Amino acid sequence: MSLRRSGLQKDVLSLYRRALRMANSKPLAAQPKFRLFVRYTFKTEAASISPRDIATIEHRLRRGRRQLEMYEDPKVRDCFVSSEMVQWGAQNPYRREMNQAATPDTGRTT
C-alpha cells in the first residue's frame, strides 16, 4: 500500500535525503556527527511545528536549503554536536547503525 504524499511532504523528504547524502560525502570520521546533526535537527524541527502550519514549514524548508548549501561546501569538514544531541542519539539510534550492531561481521562478502 503506497501513501500519497503532498508536495510539501515530498519537499521535506527530498531535503532530508539530500542532507543525508551530504553527510555521506564528508570525511569518514565526521560522518556520524553530520548524520546525528541532520537526524536531530529534522526530528526536533518536526516536533515543534504543527503539520497544518504550512507557512512555517515552507519557511523552515527555505532556511534548511540555505543551511544545507553551506554544509555541502567541500571546505566544511566537521560540525558541532552538542551533548543534548549526543544524548538524543543514544536514545534514538540510527536504523543502519542498529542493524550493523545487531549482525556481527562474519568476514564474508556477498
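Refer to the structure printed above.
All of the points below concern the structure found in this document. Keep in mind the model is a prediction, meaning the values are calculated, not measured.

If you walk through the whole model with that rule in mind, you get four salt bridges. The closest approach of N and O atoms between Lys33 and Asp78, which form a salt bridge, is 3.1 Å. Of this pair, Lys33 sits in helix α2 (residues 31-48) while Asp78 sits in the loop between α3 (54-71) and α4 (83-91); the two residues are 45 residues apart in sequence, bridging distant segments of the chain. You can call Lys33 partly exposed: its relative accessible area is 30%.

A rise of 1.5 Å per residue sets the reference length of α3, with its 18 residues, at 26 Å; its end C-alpha atoms lie 25 Å apart and thus fit the reference within 8%. Buried within α3 are the following residues: Ile57, Leu61, Gly64, Leu68 and Tyr71. Buried residues of α3, viewed axially, fall in a sector of 90°; they line one side. Exposed positions of α3 whose direction lies more than 90 degrees from the buried face are Ala55, Glu69 and Met70. Where α3 is buried, its residues meet α1 (7-24) and α2.

Their axes nearest at 8 Å, the elements α1 and α2 cross at an angle of 165°. It follows from the interaxial angle that α1 and α2 lie roughly antiparallel. Between α1 and α2 lies a crossing whose hand is right-handed. Contacts from Val12, Leu15, Tyr16, Ala19, Leu20, Met22, Ala23 and Asn24 in α1 reach Gln31, Phe34, Arg35, Val38, Arg39 and Phe42 in α2. When the residues that make up the contact of α1 with α2 are grouped by side-chain class, the tally is 10 nonpolar, two polar and two charged.

In this structure the tally under the stated criterion is four aromatic pairs. With centroids separated by 5.6 Å and ring planes inclined at 80°, the aromatic side chains of Tyr40 and Trp88 adopt a geometry described as edge-to-face. Placement of Tyr40 in helix α2 and of Trp88 in helix α4 is noted, with a sequence separation of 48 residues between them. Tyr40 gets classed as buried once you look at its relative accessible area, which sits at 11%. Since its relative accessible area comes to 16%, Trp88 is described here as buried. Three or more aromatic residues link up through ring pairs in this structure, and these residues are Phe34, Phe37 and Tyr71. The ring of Phe34 is capped by Lys26, whose NZ or CZ atom sits 5.7 Å from the centre of that ring.

Our focus in this paragraph is the nonpolar core. Judged by nonpolar contacts, the single largest core of 22 residues is most densely connected at Met22, Phe34, Tyr71, Cys79 and Met85. Every element with two or more residues in this core is listed here: α1, α2, α3 and α4.

By the element assignment, Arg39 lies in helix α2. Residues contacting Arg39, with those up to four places away along its chain left out, are Tyr16, Trp88, Asn92, Pro93 and Tyr94.

Cut-offs used in this document
Residues numbered from 1 in each chain as written. Predicted model: local features only at pLDDT ≥ 70, side-chain atom pairs only at ≥ 80, totals over all residues. Heavy atoms only, no water. Salt bridge = Lys/Arg side-chain N within 4 Å of Asp/Glu carboxyl O. Helix = DSSP H or I, 4+ residues; strand = E, 2+ residues; numbered from the N terminus. Buried < 20%, exposed > 50% of the residue type's maximum accessible area, 1.4 Å probe, protein only. Expected span 1.5 Å × (residues − 1). Arc of directions from axis to C-beta. Contact = heavy atoms within 4.5 Å. Axes fitted to C-alpha atoms, helices over the stretch in contact; angles between N-to-C directions. Parallel < 35°, antiparallel > 145°, perpendicular 65-115°, else oblique. Left-handed = near helix turned anticlockwise from the far one by under 90°. Nonpolar A, V, L, I, M, F, W, Y, C, P; charged D, E, K, R; others polar. Phe/Tyr/Trp six-rings, centres within 6.5 Å; stacked < 30°, edge-to-face > 60°. Lys NZ or Arg CZ within 6 Å of the ring centre and 35° of its normal. Core = buried A, V, L, I, M, F, W, Y, C linked by side-chain atoms within 4.5 Å.

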